[in-house]
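Residues per chain, in single letters:
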Amino acid sequence: MMLFVALFVIVNTIRIAVHARRDEIEIMQLVGATDRLIAAPFVLEGMLVGIFGATIALAALLAAAGPVTTALIQFLDILPVSLGPNFMGQLAGGVLGLALLMGAGGATISVRTYLAK
């Protein structure tokens with residue numbers, strides 16, 4: 001559910017950016033720029049929005065990691081779960097990678113719908 005919310009936020013953020021720069025996009029189309037060339041800055045912006053959101057989420061997670069980890073270790077005593085530093089690194093890498101994909105995907109959807117007009 002949170003992925004859909006994040007995708008919705010990214011799509012709407014990029015849609016606003018595309019709408020604000022519609023004159024520049026039209027000029028680029030008139031001089032012969034391809035759709036890929038027009039979409040590239042918006043995809044990069046979407047990736048940056050995703051990374052920014054993931055960084056904030058990871059900072060909140062790290063702030064709450066101490067109390068939550070001790071509670072989880074006591075609760076999940078029967079499961080072979082390791083919540084060490086390796087786990088946090090893998091979690092951070094996964095979250096940042098997913099944020100990049102979500103940002104690029106949301107921006108691509110947003111720009112593609114605008115350029116299809």
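You'll find the structure just up there.
From a predicted model like this one, the values you see are computed outputs, not experimental measurements.

### Digging into the overall build of the chain
Right, so step 1: Counting secondary structure elements, the chain contains 4 helices and 0 strands.
Right, so step 2: Mapped in sequence order, the helices and strands of the chain form the string α-α-α-α.
Right, so step 3: In terms of C-alpha radius of gyration, the chain reaches 19 Å, well past the compact-globule figure of 13 Å for 117 residues.
Right, so step 4: Projected onto the principal axes, the alpha-carbon positions of the chain cover approximately 65 × 20 × 20 Å.

### Quick look at helix 3 (residues 35-75)
Right, so step 1: With 41 residues, helix 3 extends just 52 Å between its outermost C-alpha atoms, more than 12% less than the 60 Å of an ideal straight helix rising 1.5 Å per residue.
Right, so step 2: At Ala65, helix 3 is deflected by roughly 60°, the largest bend along its length, and proline Pro67 occurs up to four residues later in sequence.
Right, so step 3: Where helix 3 is buried, its residues contact helix 1 (2-20), helix 2 (22-30) and helix 4 (85-115).

### A short note on a nonpolar patch on the surface
Right, so step 1: A grouping of Met1, Phe4, Val5, Phe8 and Val9 is seen on the molecular surface, where their side chains present a nonpolar patch of about 610 Å² in accessible area.
Right, so step 2: Relative to the elements of secondary structure, Val9 occurs in helix 1.
Right, so step 3: The class of Val9 is partly exposed, set by a relative accessible area of 43%.

### Notes on the pattern of salt bridges
Right, so step 1: Under the counting rule described, the total for this entry stands at 1 salt bridge.
Right, so step 2: Among the salt bridges present, the one from Arg21 reaches Glu45, with a minimum N-O distance of 3.2 Å. Of the two residues, Arg21 is situated in the loop between helix 1 and helix 2 and Glu45 in helix 3; the sequence distance between them amounts to 24 residues.
Right, so step 3: Among the residues examined, Arg21 registers a relative accessible area of 37% and is labelled partly exposed.

### As for the environment of Leu48
Right, so step 1: Following the sequence through the fold, Leu48 ends up in helix 3.
Right, so step 2: Counting along the chain gives 52 residues from Leu48 to Leu100, while the straight-line C-alpha distance between them is 7.6 Å.

### A look at the nonpolar core
The tendency in soluble globular proteins is for nonpolar side chains to be buried as a group.
Right, so step 1: Counting 13 residues, the largest nonpolar core has Ile14, Val18, Ile25, Ile38, Phe42, Val111 and Leu115 as its most contacted members.
Right, so step 2: Setting aside residues up to four positions removed in sequence, Leu115 forms contacts with Ile25, Gln29, Asp35 and Ile38.

### Considerations on the environment of Gly106
Right, so step 1: Assignment of secondary structure puts Gly106 in helix 4.
Right, so step 2: Spatially, the C-alpha atoms of Gly106 and Val11 are 4.8 Å apart, while their sequence positions differ by 95 residues.
Right, so step 3: Non-local contacts of Gly106, meaning those with residues more than four positions away in its chain, are made with Leu7, Ile10 and Val11.

Criteria and cut-off values
- Residues numbered from 1 in each chain as written.
- Predicted model: local features only at pLDDT ≥ 70, side-chain atom pairs only at ≥ 80, totals over all residues.
- Heavy atoms only, no water.
- Helix = DSSP H or I, 4+ residues; strand = E, 2+ residues; numbered from the N terminus.
- Rg over C-alpha atoms; globule rule 2.2 N^0.38 Å.
- Expected span 1.5 Å × (residues − 1).
- Bend = angle between axes of the 7 residues up to and from the residue.
- Contact = heavy atoms within 4.5 Å.
- Patch = residues over 30% accessible without salt bridge, like charges linked within 9 Å, V, L, I, M, F, W, Y side chains within 5 Å.
- Areas by Shrake-Rupley, 256 points an atom, 1.4 Å probe, with all protein chains shown as cover.
- Salt bridge = Lys/Arg side-chain N within 4 Å of Asp/Glu carboxyl O.
- Buried < 20%, exposed > 50% of the residue type's maximum accessible area, 1.4 Å probe, protein only.
- Core = buried A, V, L, I, M, F, W, Y, C linked by side-chain atoms within 4.5 Å.

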